[in-house]
Amino acid sequence: MDIQYLLFLQGIRLSTGGVFDEFFNSLSKFAVDIMAFLPFIVFWCVNKKWGYRYLATFSIGEVVNGVIKLTVCAYRPWIRSDRIEPAGDSKVAATGYSFPSGHTMSATCTYGTTVAWQYKKRTWLAVICCILIALTGFSRNFLGVHTPQDVIVGFLVAFFCILLVGFAQRKINGDDRILDILSVVGIIALIAAMIYVMKKPYPMDYVEGVLLVDPEKMKNDFFKGCGMFLGFIVGSFLERHYIHYEIPVGAKNLPILGFVGFMISFGWKEYFAPAILVTAFGGHWGNMAARFILWIFVVAVWPVCIRKWAND
């Protein structure tokens, strides 16, 4: 049934000449390439507490997504059926196994946390975010890169991450001792997940002597998530114990410093890290180191710069 549904959407896509392809592709890219920086801006410039909630939800979600993907090892729709022809360069550009959808999880973590934050204050914004979650999930089906179950489970797992982080934040209520204990538990869990991912067996299916899916390539996104989560834990420890960042509300330079921080983060993530670290250390450790550095910068380094320069 899932393949039949994708073929139905593919028929619509082809019969309309692909007129909607770029819209849905842009919607997906916006959710993961641009909205992924929203937690940084919130943390630096808007609300530190909610910034931490965004960062925790997003980083945990990335690790969980990777573990599930590398456990299930579900092939992409076009591998399962040669009748599926995804839009654009998806066959080359798609990373990771299919289940669950990483784009859907990322979008739900970001937009969903915004809903949790704003649904009582700005209902209109919460409604828009709900629509964007639905459209992003649908876009993965429409473009032929994910099955319905990939999208539904991705949404549900992200929704659970949002609830879990919100519950933990309310219960902990800023208690550094508990946060330190959870940080140690988080690092132990991360190490266990990495050992599991590196040691478990993977499907090695060949067609005419060619490996259908290279498991090593499929691990790259997981290592990115590990770098995010580890950077978040270490950065938050440094911030809570040594930096004690407080948003300089009303400071004349705060908006420009937030924008500069975004540009540095974007440049590092999209251009400099792949050229330097990934090239030097490979897709696993290079990606992990790149994301670790990025999140240390976000949580511990740039807040110091903002505090120093905000009123200059």
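A.B. asks: Please explain the side chain of Arg 140 as it appears in this structure.
C.D. replies: Summarising the element assignment, Arg 140 is placed in helix H8 (residues 123-142). It is Asp 150 that comes nearest to the buried, bridge-free Arg 140 among opposite-charge side chains, at 8.7 Å. Engagement of the side chain of Arg 140 in a polar contact is seen with the side chain of Ser 28, the distance being 3.1 Å. Once residues lying within four places of it in the same chain are set aside, the contact partners of Arg 140 are Ser 28, Ser 101, His 103, Thr 104, Val 145, His 146 and Val 151.

A.B. asks: Even after reading the chapter, I still don't get the pattern of salt bridges, so can you show me in this structure?
C.D. replies: Pairs can form between side chains of opposite charge once their charged atoms are near each other. As enumerated under the stated definition, the model contains eight salt bridges in all. Note that Lys 48 is salt-bridged to Glu 239, the shortest N-O span being 2.7 Å. Highlighted residues: Lys 48 in helix H4 (residues 48-72) and Glu 239 in helix H12 (residues 220-243), separated in sequence by 191 residues. For Glu 239, a relative accessible area of 1% puts it in the buried group. Two residues, Lys 219 and Glu 216, come together in a salt bridge whose shortest N-O distance is 2.9 Å. Residue classification places Glu 216 among the partly exposed residues on the basis of a relative accessible area of 40%. Several salt bridges converge on common partners, so that one network encompasses Asp 176, Asp 180 and Arg 240.

A.B. asks: Just checking my understanding: could you explain unusual backbone geometry for this structure?
C.D. replies: Residues apart from glycine generally show negative phi values, whereas peptide bonds are mostly found in trans. The omega angle of the peptide bond from Phe 99 to Pro 100 is -5 degrees, so this bond is cis rather than trans. Mapped onto the secondary structure, Pro 100 falls in the loop between helix H6 (90-93) and helix H7 (102-118). Positive phi outside glycine occurs at His 244, with the angle close to 55 degrees. Take His 244: it is sitting in the loop between H12 and helix H13 (254-309).

The rules behind each value
Residues numbered from 1 in each chain as written. Predicted model: local features only at pLDDT ≥ 70, side-chain atom pairs only at ≥ 80, totals over all residues. Heavy atoms only, no water. Helix = DSSP H or I, 4+ residues; strand = E, 2+ residues; numbered from the N terminus. Buried < 20%, exposed > 50% of the residue type's maximum accessible area, 1.4 Å probe, protein only. Lys, Arg positive; Asp, Glu negative; His and termini not counted. Salt bridge = Lys/Arg side-chain N within 4 Å of Asp/Glu carboxyl O. Polar contact = N/O pair within 3.5 Å; in protein donor to acceptor, adjacent residues only side chain to side chain. Contact = heavy atoms within 4.5 Å.

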